[in-house]
Amino acid sequence: MHTRPYILLSDSRLAALRAALEAALRPWQQAWGLAPERIECVALRSGAAALWTPRAAFEGAGAARAWLAWPDELGGALERALCGAAPGTGLAQALAGRAQEALLQALGTALPSGQRVGALAPARELYAAGSGAALVQLHFGRQALAILLDHAAVAALAPAAAAALAPLPPCELQAAVGAATLALPVQLGSIALDLADLMAVRVGDVIRLGRSAEQPLPVLAPDGASILFHAHLGKVGRAFAVQAAPAPV
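A brief look at the structure comes next.

Thresholds applied
- Each residue is numbered by its place in its chain's sequence as written, counting from 1.
- Residues qualify for local features only when their pLDDT is at least 70, as the model is predicted, and side-chain atom pairs are given and counted only at 80 or more; totals for whole chains, interfaces and linings, by contrast, use all residues.
- Hydrogen atoms and water are omitted, and side-chain values are computed over all heavy atoms in the structure.
- Pairs of strands are assigned from DSSP output, requiring at least two bridges between the strands.
- By definition, any uninterrupted DSSP run of H or I lasting at least four residues is a helix, any uninterrupted run of E lasting at least two residues is a strand, and each is numbered from the N terminus.
- What counts as an axis is a line fitted to C-alpha atoms, over the stretch in contact for a helix, and the angles between N-to-C directions run from 0 to 180 degrees.
- Contacts are assigned to residue pairs that have any heavy atoms within 4.5 Å of one another.
- The span you would expect from a helix comes to 1.5 Å times its residue count less one.
- Bend at a given residue is defined as the angle between two axes, one fitted to the seven residues that end at that position and one fitted to the seven that begin there.
- Whether a residue is buried, partly exposed or exposed follows from its accessible area with a 1.4 Å probe, protein chains only, as a fraction of its type maximum: under 20%, in between, or over 50%, in that order.
- Orientation categories follow fixed angle ranges, with anything under 35 degrees roughly parallel, anything over 145 roughly antiparallel, 65 to 115 roughly perpendicular, and all other angles oblique.
- Definitions for this section: a left-handed crossing has its near helix turned counterclockwise from the far helix by less than a right angle. A right-handed crossing has that turn clockwise.
- Residue type decides the class: Asp, Glu, Lys and Arg count as charged, Ala, Val, Leu, Ile, Met, Phe, Trp, Tyr, Cys and Pro as nonpolar, and the leftover types, Gly among them, as polar.
- Whenever Lys or Arg places a side-chain nitrogen within 4 Å of a carboxyl oxygen from Asp or Glu, that contact is recorded as a salt bridge.

## What to know about the sheet that holds strand β1 (residues 38-43)
Inference 1: In spatial order, the strands read β1-β5-β6-β3-β2-β4; together these 6 strands make up an open sheet with antiparallel pairing. Each of the sheet's edge strands pairs with one partner strand only, and the pair in question is β1 and β4 (115-117). Direction aside, neighbouring strands of the sheet carry axes that sit 25° apart on average.
Inference 2: For strand β3 (residues 65-69) and strand β6 (residues 143-149), the ladder comprises 4 bridges, and the chain directions are antiparallel. Within β6, the residue paired with Trp67 across the bridge is Leu148.
Inference 3: Against the sheet, helix α1 (residues 11-32) makes contact with β1, β5 (134-140) and β6, and its axis sits at roughly 145° relative to β1, the strand it touches most.
Inference 4: Strands in contact with helix α3 (residues 90-108) are β2 (56-59), β3, β4, β5 and β6; relative to β6, the strand with the most contacts, it is inclined by about 25°.

Shown next as structure tokens:
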């Protein structure tokens, strides 16, 4: 049977992820004097990125992976942000290209030990509901750079906070379970028979158990796997009963 975990990302976890990426971007912003107008961070939902085609990929420690995608027009948006609205020149395009490459590197190496790898495609399981993946979009004017992070990458950049469990109140065990009923097997004896003898058994036959009537009998746990105590067989009124006895030597 194939199973997989179902992982939900809380708003606080997504906020921590966005904060981690913002911190990774600060050196790039200071170096280039640019900043995205807004950063959106959402948990990846089933089918949300079905048409999403990555153009670069990074892999970090623990198989954490990030995929990046952007439109061709992103370079123009960075060029206008760097050089104003004047028509593009070779120098402006070169600057925008270097700024874009530095941006990709800053985002990809935000992963611990992050390294750029071949443009490997995200696994299909990443797009399933509850995969724990996140999609981040950095908006520059009308263009956006998108980052798809698998759950290992999300966990590396925004570790889940340890759950603070309230201590359990004290419990009187006997009061809590004292009214429960149990069926305890009493082992009267055992015998080994070969198959021929077993097939020859008829109604009225007497089978010796190899145990003296004076010997205490083992009283077993409900699952029959262990002996709880020993007892002597007897009667109380018209009912059979057992009397707890010391364990045999």
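After that view of the structure, there is still more to cover.
## Observations regarding α1
Inference 1: In a regular helix each residue adds 1.5 Å, so 22 residues correspond to 32 Å; α1 covers 30 Å between its end C-alpha atoms and thus fits that length.
Inference 2: The sharpest bend along α1 reaches about 35° and sits at Leu25, with the proline Pro27 one to four residues further on.
Inference 3: The complete set of buried residues in α1 reads Arg13, Leu14, Leu17, Leu21, Leu25 and Trp28.
Inference 4: For α1, the elements touching its buried residues are β1, α3, β5, β6 and α4 (151-157).
Inference 5: Note on α1: the residue one or two positions beyond its end, Gly33, has a positive phi of about 70°.

## A look at the pairing of β1
Inference 1: The side-chain alternation of β1 yields one buried face, formed by Ile39, Cys41 and Ala43, and one unburied face, formed by Arg38, Glu40 and Val42.
Inference 2: One ladder, built from 6 bridges, connects β1 with β5; its direction is antiparallel. Within the sheet, the bridge partner assigned to Glu40 lies in β5 and is Gln137.

## Remarks on the environment of Ala158
Inference 1: With respect to the helices, strands and loops of the structure, Ala158 is situated in the loop between α4 and α5 (173-177).
Inference 2: According to the relative accessible area criterion, Ala158 is buried, its value standing at 2%.
Inference 3: For the pair Ala158 and Ala20, spaced 138 residues apart in sequence, the C-alpha to C-alpha distance is 7.1 Å.
Inference 4: Not counting residues up to four positions away in its chain, the partners in contact with Ala158 are Arg13, Ala16 and Leu17.

## Points about the packing of α1 against α3
For any two helices packed against each other, the geometry comes down to the angle between their axes and how far apart the axes lie.
Inference 1: Running from N to C, α1 and α3 point in directions that differ by 155°, and their axes come no closer than 9 Å. Classed by the angle they form, the pair α1 and α3 counts as roughly antiparallel. Our pair here, α1 against α3, has a crossing hand that is right-handed. On the side of α1, the interface is formed by Leu21, Ala24, Leu25, Trp28 and Trp32, while α3 contributes Leu95, Arg98, Ala99, Ala102, Leu103, Ala106 and Leu107.
Inference 2: Broken down by class, the residue content of the contact of α1 with α3 amounts to 11 nonpolar, no polar and 1 charged.

## Observations concerning the sheet that holds strand β7 (residues 217-220)
Inference 1: Read from one edge of the open sheet, 3 strands run β7-β8-β9, paired in antiparallel fashion. This sheet does not close on itself; its edge strands, each paired only once, are β7 and β9 (239-245). Direction aside, neighbouring strands of the sheet carry axes that sit 55° apart on average.
Inference 2: Relative to β9, strand β8 (residues 227-236) runs antiparallel, the two being bridged by 7 bridges. Residue pairing across strands places Lys235 opposite Phe240, the latter belonging to β9.

## Some words on the pattern of salt bridges
Inference 1: A full pass over the atoms with the stated rule returns 4 salt bridges.
Inference 2: Between Arg38 and Glu40 there is a salt bridge, and its shortest N-O distance comes to 3.1 Å.
Inference 3: With a relative accessible area of 42%, Arg38 lands in the partly exposed category.
Inference 4: Glu40 sits in the partly exposed class, given a relative accessible area of 32%.
Inference 5: Across the pair Arg55 and Asp72 runs a salt bridge, and its minimum N-O distance is 3.0 Å. With Arg55 in the loop between β1 and β2 and Asp72 in the loop between β3 and α2 (74-83), this residue pair connects regions lying 17 residues apart in the sequence.

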